[in-house]
Amino acid sequence: MAKTKYKELDYTYAVARLRALENNLLEANGLEKLLSAASADEAAKHLQTIGWKGGNFEEMLQSELEGLFSLIESLGGGEFLKTQRVKYDYHNLKVLIKSELTKQNGDNLIMNLGNIGADIIKNAVINRDYRLLSEDIKSAIALAYEQYARISDAQAVDIIFDGALFHEINEYVKELPEEKIPVLIKMQIDIHNIKTFIRVRKMGKSVGFIEKVTAAGGNIPREFYIENFNAPDNQDAGVFEHTPYRKVFSQDENLELSLDNMFMEEVKATRFGAFGIAPLAAYFWMKENEIRNVRIILICKNAGISEEAIRSRLRG
Amino acid sequence: MAIANVNPTRMELTRLKKRLVTARRGHKLLKDKRDELMKQFLEVVRENKALRESVESRLGEVYDNFLIASAIMSRQVLEQSLMFPKYRAEVDIKTKNIMSVNVPVFETDENKSDLYSYGFYGTSQELDTSVNRLSGLLPDLLRLAEKEKSAQLLAVEIEKTRRRVNALEYVMIPQFEDKIKFIKMKLDENERSSTIRLMKVKDMMIQEARAK
């Protein structure tokens, strides 16, 4: 497929608009205000005063996320958004297939943010009519049912969908007309693989398993994880010594958090471009991270967790 | 009053004496049972307390991990990840006899080979930790349920035995003793009145003989 014709100057308005909107993002000071609120409800009230909509926490977070997708779409970031919407398609698929296999109603878990409308996916899964779905999804569904019939393992179903998800992301990345976003998406894939590598080793799985669950398309090839899978448990820093991610292993803080922070640093470095689609992507990830931080604050505050403990979990 | 209905006969006295002996023996046996039940109960309660404290603190840690996982992941993704569990445990309920109280014994057959029912994209290590810890907690949760139920059943049995001991000690045995005393007194009185009557008859006969 030929790449769409791309002119960086077409995004001048979008970048200027986002530059203005960036001021509304809750950075360290804004998050501190939420953290110092007397309760989760007080924090939610504060969010309402700065324009967040919705009755309860979940509604507020969902509404912000939907607003973010609409904004980036309206500013011409549709091609980029495809890479970010895919995860919702696969989430919906997982919900629908698991609902069918366990005879539950998972409609309340469906998220209408994917590339394919939630109704279309629902109809396709229920009526086995996959015409409107992508080839990746079609083959993943067939493989998932086959695998489930053989070994009745929900995790195997998820792994098949995760593999297809990354394949589809990589396909969309190829279509992106510029170079900075693919670099960041490759980094996201690496981060996913590193987290998975660490988790799988902790779970005590076999090397064959890591081969199935790592994603292609990152800067670090999948073979790296397979080769180093049997390295001693306390040697993670040594394993990643010659990769760009070595610095996160030398830090004391939570590894997932450090990796997320490292990604956000890269995103923030991208935000200052004046032209092109990359600042849109940077804004998208920054806002997504803000939503995640707000979720952490609201949920932890609601559970009475100390300010210090919450602060140590915030990303970016 | 119970004494009012007593038939003051020697047969009744013998019957009541036998019942008193049986009641005293029963009282001693029940007292011994109560003491042993108390001993067993205290042992179960002690174990239960230690187990509950350990389970509660570990559950707290699980909930903390779970809370962090739910803060990092969206509600929908978290619920989707956990909607199809693959960890299965079969619980076999047997019983054990403690001083004639049948207390439950839970035996589990777990398939611990694989706990995680979700993929790795969109899920977090905190979720792995909470699932792992929760599954590690299951045997202790079942043991706790076993101990709590045993403590409840033993407590009910102790209460029943205590009532029986008290009934024997403060009602039945004193009643038997009173009845026996009453019959004895009545029989003695009858004996005395017969003796008096005989003495009177003798006197009358002597007087009649003298008059002749």
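Residues numbered from 1 in each chain as written. Chains lettered and ligands numbered in written order. Predicted model: local features only at pLDDT ≥ 70, side-chain atom pairs only at ≥ 80, totals over all residues. Heavy atoms only, no water.

**Notes on the overall build of chain A**
Line of reasoning, step 1. Helix and strand content of chain A: 16 helices and zero strands.
Line of reasoning, step 2. Against the globule reference of 20 Å for 316 residues, chain A gives a C-alpha radius of gyration of 20 Å, in line with a compact fold.
Line of reasoning, step 3. Taken along its principal axes, the extent of the C-alpha atoms in chain A is 55 × 50 × 45 Å.
Line of reasoning, step 4. Per-residue burial for chain A yields a buried fraction of 54% across its 316 residues.
Line of reasoning, step 5. Long-range pairs, those at least 24 residues apart, make up 65% of the contacts in chain A between residues at least 6 apart in sequence.
Line of reasoning, step 6. Computing the positive centroid from 40 side-chain charges and the negative centroid from 46, chain A places the two 1 Å apart. (Helix = DSSP H or I, 4+ residues; strand = E, 2+ residues; numbered from the N terminus. Rg over C-alpha atoms; globule rule 2.2 N^0.38 Å. Buried < 20%, exposed > 50% of the residue type's maximum accessible area, 1.4 Å probe, protein only. Contact = heavy atoms within 4.5 Å. Lys, Arg positive; Asp, Glu negative; His and termini not counted. Charge placed at Lys NZ, Arg CZ, Asp CG, Glu CD.)

**With respect to the overall build of chain B**
Line of reasoning, step 1. Scanning chain B from terminus to terminus reveals three helices and two strands.
Line of reasoning, step 2. Going residue by residue from the N terminus, the α and β elements of chain B occur as α-α-β-β-α.
Line of reasoning, step 3. Its C-alpha radius of gyration of 36 Å places chain B more than 25% over the 17 Å reference for a compact globule of 212 residues.
Line of reasoning, step 4. For chain B, the spread of C-alpha atoms along the three principal axes comes to 135 × 30 × 25 Å.
Line of reasoning, step 5. Relative to its 212 residues, chain B shows a buried fraction of 36%.
Line of reasoning, step 6. Taking contacts inside chain B between residues at least 6 apart in sequence as the whole, the part at least 24 apart equals 78%.
Line of reasoning, step 7. Of the roughly 13300 Å² of accessible surface on chain B, a fraction of 55% belongs to carbon and sulfur atoms.
Line of reasoning, step 8. If you average the places of the 40 positive and of the 32 negative side-chain charges in chain B, the two averages end up 14 Å apart. (Areas by Shrake-Rupley, 256 points an atom, 1.4 Å probe, with all protein chains shown as cover.)

**Description of a nonpolar patch on the surface**
Line of reasoning, step 1. A grouping of Tyr63(B), Phe66(B) and Leu82(B) is seen on the molecular surface, where their side chains present a nonpolar patch of about 280 Å² in accessible area.
Line of reasoning, step 2. With respect to the helices, strands and loops of the structure, Phe66(B) is situated in helix α1 (residues 10–72). (Patch = residues over 30% accessible without salt bridge, like charges linked within 9 Å, V, L, I, M, F, W, Y side chains within 5 Å. Salt bridge = Lys/Arg side-chain N within 4 Å of Asp/Glu carboxyl O.)

**Some points on the packing of aromatic side chains**
Residue and element names in this part refer to chain A.
Line of reasoning, step 1. Inspection of every chain in the model, using the stated rule, returns 17 aromatic pairs over all chains.
Line of reasoning, step 2. Residues Phe80 and Phe284 carry aromatic rings whose centres are separated by 5.5 Å and whose planes lie at 80° to one another, so their mutual orientation is edge-to-face. Here the residue Phe80 occupies a position in helix α5 (residues 78–102), and Phe284 occupies one in helix α15 (residues 278–302), the gap between them amounting to 204 residues. Each member of the pair, Phe80 as well as Phe284, carries the same accessibility label: buried.
Line of reasoning, step 3. Three or more aromatic residues joined by ring pairs form one cluster here, namely Phe69, Phe80, Tyr88, Phe263, Phe284 and Trp285. (Phe/Tyr/Trp six-rings, centres within 6.5 Å; stacked < 30°, edge-to-face > 60°.)

**Describing the layout of surface pockets**
Residues and elements named next belong to chain A.
Line of reasoning, step 1. Considered as a void within the structure, the largest pocket measures approximately 350 Å³ in volume.
Line of reasoning, step 2. Lining the largest pocket are 16 residues, and of these Leu21, Asn24, Glu64, Tyr283 and Lys287 lie nearest its centre.
Line of reasoning, step 3. Listing elements by their share of the lining of the largest pocket, those giving two or more residues are α1 (12–22), α4 (57–74) and α15.
Line of reasoning, step 4. With five residues, α4 is the largest single contributor of residues to the lining of the largest pocket.
Line of reasoning, step 5. Its residues assigned to classes, the lining of the largest pocket comprises eight nonpolar, four polar and four charged. (1 Å grid on protein atoms, 1.4 Å probe; cavity = no way out; pocket = protein on both sides within 12 Å on 5 of 7 lines; lining within 4 Å. Points joined across faces, edges and corners; volume = space filled by probe spheres on them. Nonpolar A, V, L, I, M, F, W, Y, C, P; charged D, E, K, R; others polar.)

**With respect to the pairing of strand β1 (residues 89–98) of chain B**
Both faces of the sheet carry side chains from a regular strand, because those side chains alternate between them.
All names here are of chain B.
Line of reasoning, step 1. Pairing between β1 and strand β2 (residues 101–110): 10 bridges, direction antiparallel. Across the sheet, Ile93 pairs through a bridge with Phe106, a residue of β2.
Line of reasoning, step 2. With antiparallel pairing between neighbouring strands as the criterion, β1 and β2 make up a hairpin whose turn holds two residues, including Met99 at a positive phi of roughly 50°. (Pairing = 2+ DSSP bridges.)

**Structural notes on the interface of chain B and chain A**
Note: interface size is frequently given as the accessible area lost on complex formation between the parts.
Line of reasoning, step 1. The interface of chain B with chain A comprises 28 residues on the first partner and 44 residues on the second.
Line of reasoning, step 2. Taken over both partners, the interface formed by chain B and chain A buries close to 3300 Å², and the fraction arising from carbon and sulfur atoms is 60%.
Line of reasoning, step 3. Taken together, the connections running from chain B to chain A amount to three salt bridges.
Line of reasoning, step 4. Between Arg199(A) and Asp128(B) there is a salt bridge; the shortest N-O distance is 2.6 Å. (Buried area = accessible area lost by both parts, 1.4 Å probe.)

**Some details on α4(A)**
Line of reasoning, step 1. Spanning 18 residues, α4(A) covers 26 Å between terminal C-alpha atoms, matching the ideal 26 Å at 1.5 Å per step.
Line of reasoning, step 2. When α4(A) is considered as a whole, its buried residues turn out to be Phe57(A), Met60(A), Leu61(A), Gln62(A), Glu64(A), Leu65(A), Leu68(A), Phe69(A), Leu71(A) and Ile72(A).
Line of reasoning, step 3. Contacts from the buried residues of α4(A) go to α1, α3 (40–49), α5 and α15 of chain A together with α2 (75–82) of chain B. (Expected span 1.5 Å × (residues − 1).)

**Describing empty space enclosed by the protein**
Line of reasoning, step 1. Per the stated rule, a full pass over the model turns up two cavities of 30 Å³ or more.
Line of reasoning, step 2. Put simply, the largest cavity is a space of about 1100 Å³.
Line of reasoning, step 3. Lining the largest cavity are 45 residues, with Lys87(A), Glu288(A), Arg292(A), Tyr121(B) and Gly122(B) sitting closest to its centre.
Line of reasoning, step 4. Listing elements by their share of the lining of the largest cavity, those giving two or more residues are α4, α5, α8 (154–175), α9 (180–203), α14 (255–270) and α15 of chain A together with α2 of chain B.
Line of reasoning, step 5. For the lining of the largest cavity, the element with the highest residue contribution is α9(A), accounting for eight residues.
Line of reasoning, step 6. Taken together, the residues that form the lining of the largest cavity break down as 20 nonpolar, 13 polar and 12 charged.
Line of reasoning, step 7. Considering only enclosed or pocket space, the second largest cavity measures out at about 50 Å³ in volume.

**Concerning the domain arrangement of chain A**
Residue and element names in this part refer to chain A.
Line of reasoning, step 1. Partitioning chain A into structural domains gives domain 1 (1–22 + 29–77 + 277–316), domain 2 (80–177) and domain 3 (182–267).
Line of reasoning, step 2. One C-alpha centre belongs to domain 1, the other to domain 3; they are set 26 Å apart.
Line of reasoning, step 3. With 10 residues of domain 1 at the interface, the matching set in domain 3 holds 11 residues.
Line of reasoning, step 4. Taking both partners together, domain 1 and domain 3 bury about 830 Å²; carbon and sulfur atoms supply 64% of that area.
Line of reasoning, step 5. Among the residues domain 1 hides against domain 3, the three largest losses belong to Trp285, Arg315 and Gly316. Together they make up 62% of the total.
Line of reasoning, step 6. Counting across the interface, domain 1 meets domain 3 through two salt bridges.
Line of reasoning, step 7. Between Arg315 and Asp260 there is a salt bridge; the shortest N-O distance is 2.9 Å.
Line of reasoning, step 8. Inspection of the domain 1/domain 3 interface yields one residue pair in polar contact (both at pLDDT 80 or more).
Line of reasoning, step 9. Among the residues forming the side of domain 1 that touches domain 3, the class breakdown is four nonpolar, three polar and three charged. (Domains from an automatic or database assignment. Polar contact = N/O pair within 3.5 Å; in protein donor to acceptor, adjacent residues only side chain to side chain.)

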